Amino acid sequence: MSEIDPLLDLVRAPVRATGGYQVPHPRGIRIKLDANEMPFALPTEVRDELARELAAVELNRYPDPGHRELRAELSHQVGVGTDALLVGNGSDEIIQLLITCFAEPRKGQLRARVAYPTPTFVVFRGAALAVGCEPVEIATDPEADFALDPAVLERAVADARPNLIFFARPNNPTGTLWPSHLVAELARRHPDMLVVSDEAYAAYAGDGMVAMLPELPNLLVMQTLSKVGLAGLRVGYLCGRPELIAELEKVRAPYNVGALNQRAALFILRHHRGLLLRRCADVVVERERLAAALDQMPALRVFSSQANLLLFRIGTPGDGRATAVWQRLCERGILVRNFDRPGPLSGCLRVTIGSTDENEAFLAALGDALAA
Ligand SMILES: Cc1ncc(COP(=O)(O)O)c(C=O)c1O
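Residues numbered from 1 in each chain as written. Predicted model: local features only at pLDDT ≥ 70, side-chain atom pairs only at ≥ 80, totals over all residues. Heavy atoms only, no water.

Participant: Describe the sheet that holds strand E2 (residues 85-88), naming the residues involved and giving the relevant values.
Facilitator: Pairing in this open sheet of seven strands is mixed, and the strands run E2-E8-E7-E6-E5-E3-E4 from one edge to the other. Unpaired on one side and paired on the other, E2 and strand E4 (134-139) mark the two borders of the sheet. Direction aside, the axes of adjacent strands within the sheet are offset by 20° on average. Relative to E4, strand E3 (residues 113-118) runs parallel, the two being bridged by six bridges. Note on E4: the bridge partner recorded for Pro 117 is Ile 138. Where helix H8 (residues 242-251) meets the sheet, it contacts E2, strand E6 (194-198), strand E7 (219-224) and strand E8 (236-239), and its direction lies at approximately 30° from that of E2. (Pairing = 2+ DSSP bridges. Helix = DSSP H or I, 4+ residues; strand = E, 2+ residues; numbered from the N terminus. Axes fitted to C-alpha atoms, helices over the stretch in contact; angles between N-to-C directions. Contact = heavy atoms within 4.5 Å.)

Participant: Outline unusual backbone geometry, listing residues and values.
Facilitator: Trans peptide bonds make up the majority, and among non-glycine residues the majority have a negative phi. The omega angle of the peptide bond from Thr 118 to Pro 119 is -5°, so this bond is cis rather than trans. Following the sequence through the fold, Pro 119 ends up in the loop between E3 and helix H5 (123-130). Look at Asp 145: it is not a glycine, yet its phi comes out positive at around 55°. Tracing the sequence through the fold places Asp 145 in the loop between E4 and helix H6 (150-160). On the accessibility criterion, Asp 145 (24% relative accessible area) is partly exposed. One non-glycine residue with positive phi stands out, namely Arg 234, at about 60°. With respect to the secondary-structure elements, Arg 234 resides in the loop between E7 and E8. (Buried < 20%, exposed > 50% of the residue type's maximum accessible area, 1.4 Å probe, protein only.)

Participant: Please provide a residue-by-residue account of the packing of helix H4 (residues 90-101) against H5, values included.
Facilitator: Two elements in contact, H4 and H5, have axes whose closest approach is 9 Å; the angle formed by their N-to-C orientations is 40°. Here H4 lies oblique to H5, going by the angle between them. Helix-helix and strand crossings are classified by hand; for H4 and H5 the assignment is right-handed. Between H4, through Asp 92, Ile 95, Gln 96 and Ile 99, and H5, the contact on the second element is made entirely by Val 123, Phe 124, Ala 127 and Ala 128. For the contact of H4 with H5, the per-class residue count stands at six nonpolar, one polar and one charged. (Parallel < 35°, antiparallel > 145°, perpendicular 65-115°, else oblique. Left-handed = near helix turned anticlockwise from the far one by under 90°. Nonpolar A, V, L, I, M, F, W, Y, C, P; charged D, E, K, R; others polar.)

Participant: Please set out H5 residue by residue, giving values where relevant.
Facilitator: Note: α-helices contain 3.6 residues per turn, so residues at a spacing of three or four share the same orientation. Of all the residues in H5, the buried ones are Val 123, Phe 124, Ala 127, Ala 128 and Leu 129. Looking at the packing, one finds that the buried side of H5 touches helix H1 (13-17), H4, E3, E4, strand E5 (164-168) and E6. With its phi angle positive at about 80°, Gly 132 sits one or two positions after the end of H5.

Participant: Outline the sheet that holds strand E10 (residues 309-314), supporting the account with residue identities and numerical values.
Facilitator: The sheet built from four strands is open, its strands ordered E9-E10-E13-E12 with antiparallel pairing. Of all strands in the sheet, those bounded by a partner on one side alone are strand E9 (300-302) and strand E12 (337-338). By the bridge criterion, five bridges tie E10 to strand E13 (residues 348-352) in an arrangement that is antiparallel. Paired with Leu 309 across the two strands is Thr 352, which belongs to E13. Seen against the sheet, helix H9 (residues 259-295) touches E9, E10 and E13 and runs at an angle of roughly 5° to E10.

Participant: Can you lay out the site of the ligand for me, pointing to particular residues and giving the numbers?
Facilitator: Within the structure, the ligand sits among 13 residues, and Ser 91, Asp 198, Thr 224, Ser 226 and Arg 234 are positioned closest to it. Between the ligand and the protein, one listed contact pairs an oxygen atom with a side-chain N or O atom of Tyr 201 at 2.7 Å. Between the ligand and the protein, one listed contact pairs an oxygen atom with a side-chain N or O atom of Thr 224 at 2.6 Å. Protein chains shield 94% of the accessible area of the ligand, which is 400 Å² for the free molecule. When residues in the shell around the ligand are grouped by element, the largest group, three residues, is from H4. Taken together, the residues of the shell around the ligand sort by class into four nonpolar, five polar and four charged. (Near = heavy atom within 4 Å. Polar contact = N/O pair within 3.5 Å; in protein donor to acceptor, adjacent residues only side chain to side chain. Areas by Shrake-Rupley, 256 points an atom, 1.4 Å probe, with all protein chains shown as cover.)

Participant: Please set out the side chain of Asn 171 residue by residue, giving values where relevant.
Facilitator: Mapping Asn 171 onto the fold places it in the loop between E5 and helix H7 (180-189). At a separation of 2.8 Å, a polar atom in the side chain of Asn 171 contacts the main-chain carbonyl oxygen of Pro 119. Among residues more than four places away in sequence, those in contact with Asn 171 are Pro 119, Thr 120, Phe 121, Thr 176, Trp 178 and Leu 309.

Participant: Please set out the environment of Leu 70 residue by residue, giving values where relevant.
Facilitator: Mapped onto the fold, Leu 70 is located in helix H3 (residues 68-79). Residues Leu 70 and Gln 306 lie 236 residues apart in sequence; the distance between their C-alpha atoms is 28 Å. In contact with Leu 70, not counting residues within four places along its chain, are Val 87, Val 235, Gln 262, Ala 265, Leu 266 and Leu 269.

Participant: Provide a residue-level description of the packing of H4 against H8, including the pertinent values.
Facilitator: The interhelical angle for the contact between H4 and H8, taken along N-to-C directions, is 100°, at an axis separation of 9 Å. Classed by the angle they form, the pair H4 and H8 counts as roughly perpendicular. On the side of H4, the interface is formed by Leu 97, Leu 98, Thr 100 and Cys 101, while H8 contributes Glu 247, Leu 248 and Val 251. Of the residues contributing to the contact of H4 with H8, the split by class is five nonpolar, one polar and one charged.

Here it is as structure tokens:
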């Protein structure tokens, strides 16, 4: 028993053992390239229109628990039926819902299993542990740009028989785009397993799996507005077979997305979707420019990316150089994400693609930091 606080003994052991989702906030940061956000705020005229729209929302009333207008718009834009759509408080909530809902252990297993290739988005593991599921991690090859060996994938799935498998396509933090045919073939071979294509960054890759939904009854596709310029709204959505969506709806909190957020998402999707897509295209151009510039830097390896981020390795794993460079970038007011700890991302930093000016400032500061 804990002598300090016996209530902490009641926390699930795997939850206590994890550090949680921690994001460093050093002082004096002027350029924030650590969270895979879109660098551009909405233009002033769009903000003014939005302010008028939001002023009409009746905040004395609960939000629409069925997100009907928003789902109708998403249905129209994504090309799936409204009953094939679930709206979440960001994809983070949807990941938790999926793992909470489909957590019945298979025959012969004590705990349900949740699989995903690694390294990947940390919420898959955290959400699995939080509800008592067993994470099944499938290693990728850092020396081959984090490619996924189909034989390794098949063996891991056949051995562990997970209830769910998540593929972040493109992946965070590596930027890798695991091929859709690999995911589709796995879904076909294992019709009793849910296969989730997490397409948070699909706007930067132009490769989504929504069109495959009719032929793959165990496929679910998750997308979000966060990475296309609306991270503050917390709106994500899941597309899949209505029977599966209906089960997930039973687990979802009724008022999971606030009235202002629903109205803002609806307004921007209806009237300014083109603007978001144009900006994504601008970010892709910047990504290619930044990748080429990083590629020229000595003792640095940049991994190929289809998302709005670039992962790069400095020096040799374990030499501590990457952390020292991260520190020097912070001192120059530039925040990127530090992944330099033992494991496949040893020596790695991840930079989010910023505006041209931000990227220039980052490159200059990185050049100085590497030379120091
Ligand atoms: C792969 C992946 N999926 C999902 C999310 C969560 O997105 P949201 O902001 O919609 O919760 C992220 C956020 O970084 C991500 O990288």
